[in-house]
Each structure stands twice: as C-alpha cells, then as structure tokens.
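Coordinates in review
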Amino acid sequence: MRQWEASGLELPAALPGALRLGNGLAVVRLESGVELTLLGPVSLEVRDVMQVRLESGRLLADVPPVASGFTVLTAELGIYDLGTVFGVSVDGRNSGVFVFKGSVQVNEASGEPVDLCEAGQGVYALPGMRPVKVAADWPEAQKVFAAVRGTAALSDPSEAFDAADRIAALWTKRYLPNVMPPPPPPVPGLRGGRQLAVNGKPLAVNGKQSAVGNRQSGISNHTTTAARMAAPVQNEEDAMRMTNTAAALAAAVTMGAGAAYAVPQVTNVRMAQRANSRVVDITYDLAGEAAIVTLGIETNGVAIPDSAVTRLLGDVSTVIQPGARTITWNAGADWPEHAVTNARARVTAWSTNAPPQVMVVDLTGGASTNVYPVSYYPSLDALPCGGITNTVYKSTYLVLRKIASGGFTMGEGSSAVAVTLTKNFYAGVFEVTQGQWYKVMGTTPANFTDAASQACRPVETVSYEDIRGTAAQGGGGWPTNDSVYEASFVGLLRTKAGLSGFDLPTEAQWEYACRAGT
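Since we're looking at a predicted model, the values are computed, not measured. (Residues numbered from 1 in each chain as written. Predicted model: local features only at pLDDT ≥ 70, side-chain atom pairs only at ≥ 80, totals over all residues. Heavy atoms only, no water.)

**Some remarks on the overall build of the chain**
Formally: Helix and strand definitions follow DSSP, with helices as H or I runs of at least four residues and strands as E runs of at least two, each counted in order from the N terminus. Accessible area is worked out with a 1.4 Å probe on protein chains only. A residue is then buried under 20% of its type maximum, exposed over 50%, and partly exposed in between. Only heavy atoms enter the contact rule, under which two residues are in contact if any of them lie within 4.5 Å. Here the accessible surface of atoms and residues is derived via Shrake-Rupley with a 1.4 Å probe, and residues count as covered only by protein chains that are part of the display.
Each helix and strand in the chain was counted, giving 10 helices and 31 strands. By residue count, 51% of the 518 residues in the chain fall in the buried class. Nonlocal contacts in the chain, meaning residues at least 24 apart in sequence, comprise 62% of its contacts between residues at least 6 apart. Carbon together with sulfur atoms contributes 51% to the accessible area of the chain, which is approximately 22100 Å² in total.

As structure tokens, then:
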C-alpha cells in the first residue's frame, strides 16, 4: 500500500472485508497482482484477490495479464477485466466504467451483457435508464482521451477521471438523442400468419379456428449487435428447470414459403487470438445483401458444441449489413477446459427469408422502451447465459423455435381431417409468463403473486382483449382478422420488435407443434 495525503484509511484484517479511504489518494496491491488506485472518499468491499465491490467513490484498476478475469462490481454493473487499466466510479445511484488500456466486458448487475469496452470506451448507468456505452470515436473526444491513454491514467488519476467524464458528456451531447430510434421497417419477403399462445393453449374465439393463416410478417432490419458476451450464471438456483411439455407454446412468427431467396456471401474469414488472453477476434466480409450471421467453431473439421460458442460480441446473431465485419469470442470463458491450435471459424449468413432455428426477443428495456432487439441462434444450445434453463428466458427474454411446414392428421376418429401447413412458423418454447407480460405491458395481472410466480410462471388471468384488443379497437375476429389494437400485448410486440407476424397460433399450428414431440 502507498498513499499521498490520505486520511481515514481502513484496511481489512481478513477477506472478505471492507476497505475505506476518507480523503487523498492510496494505491493498494492485492495478492493477485492487481493494483487499485483509490481517490477518496471511497468505500469498497474486497471479496477476494480477484473480485471487489465498489460501494462509492472512484478507483483505477491496473490488472496484469496474470490476473485476467479480475472483477469489479457496483450496484448497477459487473466489469470483467481482460488485462487492462480501467476506472470505475460510483456516485449515489450512478455507476460508470471507462477503459484506458486493454478491454473489459461490462454487464448489468443482473448478468445481462452490455458490451465489450476497449480503450477509449466506457459504460454509464444512470437512474431509470439502461446502461449506455460511450466512446471517444471522433476527433474532439480522441484529443481528450490522448492525454490519459494507457498507463498515463495512473500517473494522474484525477485527470483521468475528469477526461472520462468530459468524453461521456461530449458523447451524450453528440449521440444521445439518436440512441433509441423508432423500430425500423420490417425486411420484406416474410409472409405468414397466426402466432401467440397464452395459458398453455390458444384461445378459441367464436368457434373453430382456421388451419392456416395468410398474414404479412417480417423480420426487423436491426443493425445493432444483439449477441454479446454474458457473465457466467453465478447463482445455480437461478438456473431453473426447463419445461418439457409440448403445450408450452408462447409465441410465433410465420415465415414465407416459395420466395426467391437471395444468397448472401461470406468471404475472407480470419481468426486471431489476442496476446496473453483467450479472446479471439474473427473478421469476415459480407456481400450481396443484409443477412443474419451466426458463428460456429470447428477443430479437426468437427464442430464444437453450440453451448461452447455463446460469449460473443460484434456482428453476429442479428441482421448484419454488407461490409467488413468483426466478431469477438471469449473462448476462455466459453470453453475453459480446452486449448487447441487448429480451430477454425465457421461464419454462416442466413437469408432474412430463411432465418436460423431460434429467435429471441429481448424485453429487458421493459414497457418504457421503444425497441425490443431481436437475435437469432442456430440452436437452443447456442443461447448465452447458460442456455435455455436460465430463468432470464422465462422472465426477460422471449424465446421462439422454428417449426417446419408439413401435413398431419388433425383431430381423432370421425372428426379427423387432413391438414397441410404451407409455411414455417416460430413458436415460443414457454408459455407467456408473468415476468414477460410485465416487461411488455407494465402490469401484473395474476392470482399468484409470490416472487417465483411473478418472474417465471404463466400469466393466467389475461383475456383475449388484453392480448389483441377489443372489437371496437380493431382486435376482434381473430384469426380471419389480422389487425390488433396497437396498445395490446401483441400490438406492442409487433411494433417494438419490428415483427408484424406476432399473434395467437391457430388450432392447427398448435396441434401440429404438440404432435411433433419437441
């Protein structure tokens, strides 16, 4: 420990323990090799030599490569180091991190990933807002950053924090009004019909439902990156059991059939591992037209499991525009027990008319947001945050799985009839839960009000009119009527996700999915 005009300094006698600094500056070296520069007043919990929680104040972390993985937590953020110099500040309910050298992965406190931040980038969390990433990515901000870049931040910590604050203020003035644009128009070419189930089965309204819809649908042309590295699930009790019942449809989006699919092309795929880390950068060129891009990794010509390729950042798992693109894979976190020298990246570009097997709608922004980002994955195993058994997929995300078109015998005995579904559609893997309903509608209509129910159990009291709107509002007459009330559950999903095909499933779609045994 070193100090300059420090007062009120308290060091923990053992770990975990509290570390406090009243005023001045102190540098504390942990046994892991990490040096923490503290600018008083600071209140800090040292949990172990690789993890601290900043309650208030400012700290600079100088993390050597041998301590990669060092973590700083705040009430709003989790910062996972990849060998860097970075600063963290907490002032009341505001948290922020700024990187001066190297890179860190920043997540929300819940584990929801925000983004990978490299030198000149940071994340700030303000009350009532989702964390926002800022960057010194234009000349005026780059000039401010140049004076504190790299280890220069350690020589004058106060100046380093002042520079980070100035960059954040400049970025806010320059970009913040454009951070949350209205949802873009759907990509043309998707056609289809009926899709959303609540309460374990579709609602039957005014008699029998038609077997196949014929309504317009679409995939939003999101260009932002929606697949990001996530922190490991830290509480095993949070990894709830997955539902295996066939009656677990939640939602679906119908896709077109018979369309003339364009063929996006991927070329120049390259892999490079960062020095002194197990972080891998994959670059590629996308030509032709916008496409949904997914990543697989092969060793000796054999694909490793999708569950080992989930900590991803960059141009992947969403609609990507043509051009030179980059994906970052945290192999050390995803595949820690393996080390290979002959890995190969497999970058796949899916036409927006023929998207991958799994679609995920991110409801994290809640009822107040304008946009629900949409991501795509080749399988359920490829989902981040530990896979489908994580409770986030019943509470804050809506997971849908593609069901291929085909024919089957609907019903039994004398009432049996041959039905053919001519279009593929997406069906939700779970019933719509109370947590998901609250994220979209901002209400909790349910008879079961304990915490477990409100997060992950089905929303069992909502009506047809809650889901689509009343007849006077334009939501009546399903399934022949495609229109819905814009403030209904389905209406809000359509608008904010940019997917016009959200709706209740027909009885034929429902039974077909149940009979599949998957």
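Now that the structure has been shown, the text picks up again.
**A word on the packing of helix H6 (residues 434–441) against helix H9 (residues 489–497)**
When two helices pack together, their arrangement is captured by the angle between the axes and the distance separating the axes. Stated formally: Convention adopted: a line fitted to C-alpha atoms gives each axis, helices being fitted over their contacting stretch, and angles between N-to-C directions are expressed from 0 to 180 degrees. Should an angle fall under 35 degrees it is taken as roughly parallel, and over 145 as roughly antiparallel, whereas 65 to 115 is taken as roughly perpendicular and any remaining angle as oblique. For any helix crossing, the convention is left-handed if the near helix is rotated counterclockwise from the far helix by under a right angle, and right-handed if that rotation is clockwise.
Relative to each other, H6 and H9 sit at 70 degrees, their axes nearing to 10 Å. Relative to H9, the element H6 lies roughly perpendicular. When you trace H6 past H9, the crossing you get is left-handed. Along the contact surface, H6 presents Gln-436, Trp-437, Val-440 and Met-441, while H9 presents Phe-489, Leu-492 and Leu-493.

**Focus on H9**
Because each turn of an α-helix spans 3.6 residues, side chains separated by three or four positions end up pointing in the same direction. Summarising burial for H9: eight of the nine residues are buried, a large majority. Along H9, the residues that are buried comprise Phe-489, Val-490, Gly-491, Leu-492, Leu-493, Arg-494, Lys-496 and Ala-497. Where H9 ends, the next residue or the one after it, Gly-498, has phi of about 70 degrees, a positive value.

**A word on the pattern of salt bridges**
Definition in use: A pair is scored as a salt bridge if a Lys or Arg side-chain nitrogen falls within 4 Å of a carboxyl oxygen belonging to Asp or Glu.
In the structure shown here, the tally under the stated rule is 14 salt bridges. Arg-20 serves as the salt-bridge partner of Glu-10, at 3.8 Å between the closest nitrogen and oxygen. Highlighted residues: Glu-10 in the loop between strand E1 (2–7) and strand E2 (17–21) and Arg-20 in strand E2, separated in sequence by 10 residues. On the basis of relative accessible area, Glu-10 is assigned to the partly exposed category, the value being 43%. For Arg-20, a relative accessible area of 38% gives the class partly exposed. Two residues, Glu-511 and Arg-515, come together in a salt bridge whose shortest N-O distance is 2.8 Å. Pair noted here: Glu-511 and Arg-515 are both in helix H10 (residues 507–515), with a separation of four residues, about one helical turn. Overall, the relative accessible area of 46% leaves Arg-515 in the partly exposed class. Where salt bridges share partners, they join Arg-468, Asp-482, Arg-494 and Asp-503 into one cluster.

**Points about the environment of Arg-325**
Turning to its location among the elements, Arg-325 is positioned in strand E24 (residues 323–330). For Arg-325, a relative accessible area of 22% puts it in the partly exposed group. Arg-325 sits 11 residues away from Gly-314 along the chain, and the two C-alpha atoms are 8.0 Å apart. In contact with Arg-325, not counting residues within four places along its chain, are Ile-282, Thr-283, Tyr-284, Asp-315 and Ile-320.

**What to know about the packing of aromatic side chains**
Condition: Aromatic rings from Phe, Tyr and Trp, taking only the six-membered ring of Trp, are treated as a pair when their centres fall within 6.5 Å; an angle between ring planes under 30 degrees marks them as stacked, one over 60 as edge-to-face, and anything in between as tilted.
Following the criterion strictly, the structure yields five aromatic pairs and no others. Judged by centre distance (4.5 Å) and plane angle (10 degrees), the ring pair of Trp-437 and Phe-489 falls under stacked. Of the two residues, Trp-437 sits in helix H6 while Phe-489 sits in helix H9, which places them 52 residues apart along the sequence. One aromatic cluster is present, built from ring pairs that chain together Phe-98, Phe-100 and Phe-145.

**Comments concerning the confidence of the model for the chain**
Under the convention used in this document: pLDDT expresses, on a scale from 0 to 100, how confident the predictor is about each individual residue.
On average, residues of the chain score 78 in pLDDT, and 81% of them reach the 70 mark or higher. Confidence over residues 177–262 falls short of pLDDT 50; this stretch has 285 contacts with residues more than four positions distant or in other chains.

**Brief notes about H6**
Restricting attention to buried positions, one finds in H6 the residues Gln-434, Gly-435, Gln-436, Trp-437 and Val-440. Where H6 is buried, its residues touch helix H5 (392–395), strand E28 (397–403), helix H7 (451–456), helix H8 (464–468) and H9. Following H6 by one or two positions, Gly-442 adopts a phi angle in the positive range, close to 75 degrees.

**What about the nonpolar core?**
General note: in soluble globular proteins, nonpolar side chains tend to be found buried as a group. Quick reminder of the rule: The set of buried Ala, Val, Leu, Ile, Met, Phe, Trp, Tyr and Cys residues whose side-chain atoms join them within 4.5 Å is what this entry labels a nonpolar core.
Within the largest apolar cluster, 32 residues are counted, with the highest numbers of intra-cluster contacts made by Leu-36, Leu-38, Leu-44, Phe-70 and Phe-86. The biggest single contributor to this core is strand E4 (residues 35–48), with five residues. Once you skip the residues sitting within four places of it in the chain, Leu-38 turns out to touch Leu-19, Leu-21, Gly-24, Leu-25, Ala-26, Val-28, Leu-44, Arg-58 and Leu-59. Listed in part, the 29 residues of the second largest apolar core include Trp-478, Leu-493, Ala-497 and Leu-499.

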